[in-house]
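# Coordinates in review
Chain by chain, the residues run as shown.
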Amino acid sequence: MLKQLQRKDPFVFNAIKTFKLLKSGENQITVLFPSDSAKVEFDKVSREFFNHFKTKVHNFSIEILYKRDTENLKIEVMTKRKIFEKFAEKNPLLKDLDDLMRFDLT
């Protein structure tokens, strides 16, 4: 369903791609969302999404709780420099190679 949404309405897809679903009880799911505007976009497709979900799991008595969570749902933009630094932490020889070769990671 999300792949169809990505093709049909990329704006809504980008707004809801950071949502997380957590099972908080036997018949309860908590939806963590990053912002109110993203929740508004999710509300447009939530009925169809949860109907599809309930059909897949064969459980129609699921309750949905919404909770705002901005701390854990931030998306970090990974630049080439950040990726290189992450690898250099794991392998210090890459730092020496960068000093020697002077890589252009802009």
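Here the structure is shown first, and the text comes after it.
For the structure given in this document, a descriptive report is provided here. (Residues numbered from 1 in each chain as written. Predicted model: local features only at pLDDT ≥ 70, side-chain atom pairs only at ≥ 80, totals over all residues. Heavy atoms only, no water.)

This paragraph deals with the overall build of the chain. When its secondary structure is counted, the chain shows 5 helices and 3 strands. Taken from the N to the C terminus, the helices and strands of the chain come in the order α-α-β-β-α-β-α-α. Relative to its length of 106 residues, the chain is extended, with a C-alpha radius of gyration of 20 Å against a globular reference of 13 Å. On the principal axes, the C-alpha backbone points of the chain span a range of 60 × 30 × 25 Å. Burial statistics for the chain: of 106 residues in total, 28% are counted as buried. (Helix = DSSP H or I, 4+ residues; strand = E, 2+ residues; numbered from the N terminus. Rg over C-alpha atoms; globule rule 2.2 N^0.38 Å. Buried < 20%, exposed > 50% of the residue type's maximum accessible area, 1.4 Å probe, protein only.)

The next subject is the packing of aromatic side chains. The final tally for this structure, using the stated rule, is 8 aromatic pairs. Taking the centre distance of 6.5 Å and the plane angle of 15° together, the rings of phenylalanine 49 and phenylalanine 53 count as stacked. One end of the pair, phenylalanine 49, and the other, phenylalanine 53, are both in helix H3 (residues 36-57), 4 residues apart, so they sit about a helical turn from each other. Its relative accessible area of 17% is what places phenylalanine 49 among the buried residues. We classify phenylalanine 53 as partly exposed; its relative accessible area is 24%. Taking NZ or CZ as reference, lysine 39 lies 4.1 Å from the ring centre of tyrosine 66, over its face. (Phe/Tyr/Trp six-rings, centres within 6.5 Å; stacked < 30°, edge-to-face > 60°. Lys NZ or Arg CZ within 6 Å of the ring centre and 35° of its normal.)

Nonpolar side chains collect at one region of the surface, where Leu97, Leu100, Met101 and Phe103 lie side by side and expose about 390 Å² of accessible area between them. Following the sequence through the fold, leucine 100 ends up in helix H5 (residues 93-101). (Patch = residues over 30% accessible without salt bridge, like charges linked within 9 Å, V, L, I, M, F, W, Y side chains within 5 Å. Areas by Shrake-Rupley, 256 points an atom, 1.4 Å probe, with all protein chains shown as cover. Salt bridge = Lys/Arg side-chain N within 4 Å of Asp/Glu carboxyl O.)

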